[in-house]
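Observations on chain architecture
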Amino acid sequence: MIELNIIGMTGGIGSGKTQVSLFFAELGISVVDTDQISRELVKSGSSNLQEIVAFFGSDILLTNGELNRSKLRQIIFSKPDKKQWLEALLHPQIRKLAWQQLAACHSSYAILVVPLLIESQHYDFVDRILVVDCEEDLQIERVMQRDQNDRSVAKGIISSQLTRKQRLSQADDVIENNGTLAELKDKVRQLHEYYQELAELRD
């Protein structure tokens, strides 16, 4: 039985979820990242990767045998049927491992990072939803820089996700990430203090 508050953190691609989770971790908070779990599930030699190659073809691999995640992302965001197949394969496994990791957490609360938290039906056990938000132009620039995608691909991926308005309408808490890293870190610290207060009330 998990007795700690679970904060489900989400946000559009390029919004800054990874950096926010790093700042929470620096404050001693346990972070369970479903994207990291996903990477482990599809690492080279895994049965999951073999199934993905059988479905998508061998050109979904990099020259070193690892999954080409950028290429896969482009495919599934343009082909909903392939996206559904991949989610059916991985999401139940991801949820199971995330739950196991949360059960081992010892901080006053835990951050569960789920990019598709609001769209998914698998994480209804979270206590609060934290949305990391930023302006779309900034989002596009970050995706282009991170994945070496051109602007049209970045915009296509963003448009395939929930709109900012849809995501924000479901949020209990919001971190705006349009400024500097120092400003972002300060926002995380303030929210951390609030979450600690909530955890004390729960106890």
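The structure under discussion appears in the preceding block.
These lines cover the structure that appears in this document, whether it is placed above or below.

Procedures and definitions
- Residues numbered from 1 in each chain as written.
- Predicted model: local features only at pLDDT ≥ 70, side-chain atom pairs only at ≥ 80, totals over all residues.
- Heavy atoms only, no water.
- Helix = DSSP H or I, 4+ residues; strand = E, 2+ residues; numbered from the N terminus.
- Rg over C-alpha atoms; globule rule 2.2 N^0.38 Å.
- Buried < 20%, exposed > 50% of the residue type's maximum accessible area, 1.4 Å probe, protein only.
- Contact = heavy atoms within 4.5 Å.
- Areas by Shrake-Rupley, 256 points an atom, 1.4 Å probe, with all protein chains shown as cover.
- Lys, Arg positive; Asp, Glu negative; His and termini not counted.
- Charge placed at Lys NZ, Arg CZ, Asp CG, Glu CD.
- Pairing = 2+ DSSP bridges.
- Axes fitted to C-alpha atoms, helices over the stretch in contact; angles between N-to-C directions.
- Core = buried A, V, L, I, M, F, W, Y, C linked by side-chain atoms within 4.5 Å.
- Salt bridge = Lys/Arg side-chain N within 4 Å of Asp/Glu carboxyl O.
- Polar contact = N/O pair within 3.5 Å; in protein donor to acceptor, adjacent residues only side chain to side chain.
- Parallel < 35°, antiparallel > 145°, perpendicular 65-115°, else oblique.
- Nonpolar A, V, L, I, M, F, W, Y, C, P; charged D, E, K, R; others polar.

Turning to the overall build of the protein, a few remarks are in order. Along the protein, the regular secondary structure elements total nine helices and five strands. For 203 residues, the compact-globule estimate of 2.2 N^0.38 gives 17 Å, and the protein sits close to it at 17 Å. For the protein, the spread of C-alpha atoms along the principal axes amounts to about 50 × 40 × 30 Å. Going through the 203 residues of the protein one by one, you find that 42% of them count as buried. Considering only contacts within the protein whose residues lie at least 6 apart along the sequence, 74% involve residues at least 24 apart. Per element, the accessible surface of the protein, about 10,900 Å² overall, is 49% carbon and sulfur. Counting 23 positive and 29 negative side-chain charges, the protein places the centres of these two groups 5 Å from one another.

Another aspect to go through is the side chain of Asp133. Among the secondary structure elements, Asp133 is positioned in strand S4 (residues 128–133). Using a relative accessible area of 5% as the deciding quantity, one classes Asp133 as buried. With sequence-adjacent residues up to four places away left out, Asp133 is seen in contact with Arg164, Leu168, Val174, Ile175, Glu176 and Asn177.

What follows is about the sheet that holds strand S5 (residues 173–176). Spatially, S2-S3-S1-S4-S5 is the arrangement adopted by the five strands of the open sheet, whose pairing is parallel. Sheet topology places strand S2 (30–33) and S5 at the edges, where each strand pairs with a single neighbour. In this sheet, adjacent strand axes meet at a mean angle of 25° when their direction is disregarded. Of the strands in this sheet, strand S1 (5–10), strand S3 (109–113), S4 and S5 are in contact with helix H9 (residues 181–202), which crosses S5 at around 165°.

Bringing the nonpolar core into the picture now. Counting 29 residues, the largest nonpolar core has Ile52, Leu102, Leu112, Tyr123 and Val126 as its most contacted members. Elements supplying a minimum of two residues to this core: helix H2 (34–41), helix H3 (47–56), helix H4 (69–78), helix H5 (80–103), S3 and S4. The element best represented in this core is H5, accounting for six residues. Excluding its chain neighbours within four sequence positions, the residues that come into contact with Tyr123 are Thr34, Ile94, Arg95, Leu112, Val114 and Leu117. With 16 residues, the next largest nonpolar core counts Ile29, Tyr109, Ile111 and Leu191 among its residues.

Turning our attention to the pattern of salt bridges. In total, this model carries twelve salt bridges according to the counting rule given. With a shortest N-O distance of 2.7 Å, Arg164 and Asp133 are connected by a salt bridge. Here Arg164, found in helix H8 (residues 164–169), pairs with Asp133, found in strand S4; they are 31 residues apart in sequence, far enough to count as distant. The exposure class of Arg164 is partly exposed, given its relative accessible area of 26%. Members of the salt-bridge network, linked through shared partners, are Asp35, Arg39 and Arg69.

Let's shift gears to the environment of Ser15. Examined against the element boundaries, Ser15 turns out to sit in the loop between S1 and helix H1 (17–26). Remark: the alpha-carbon pair of Ser15 and Lys79, spanning 64 residues in sequence, is separated by 23 Å. Once residues within four sequence positions are removed from consideration, Ser15 is found in contact with Val132, Cys134, Gln139, Arg142 and Asn177. Here Gly12 takes part through its backbone oxygen, which lies 2.8 Å from a polar atom of the side chain of Ser15.

What follows is about the environment of Ser70. Topologically, Ser70 is positioned in helix H4. Sequence-wise, Ser70 and Ala110 are 40 residues apart; in three dimensions their C-alpha atoms are separated by 29 Å. Excluding residues that lie within four positions of it along the chain, Ser70 makes contacts with Asp147 and Asn149.

Glancing now at the packing of H3 against H5. Where H3 meets H5, the axes come as close as 12 Å, and the angle between the chain directions of the two elements is 170°. It follows that H3 is roughly antiparallel to H5 by the angle criterion. On the side of H3, the interface is formed by Asn48, Glu51, Ile52, Phe55 and Phe56, while H5 contributes Lys82, Trp85, Leu86, Leu89, Leu90 and Gln93. When the residues that make up the contact of H3 with H5 are grouped by side-chain class, the tally is seven nonpolar, two polar and two charged.

Everything listed here is a matter of coordinates, which is why it stays silent on function.
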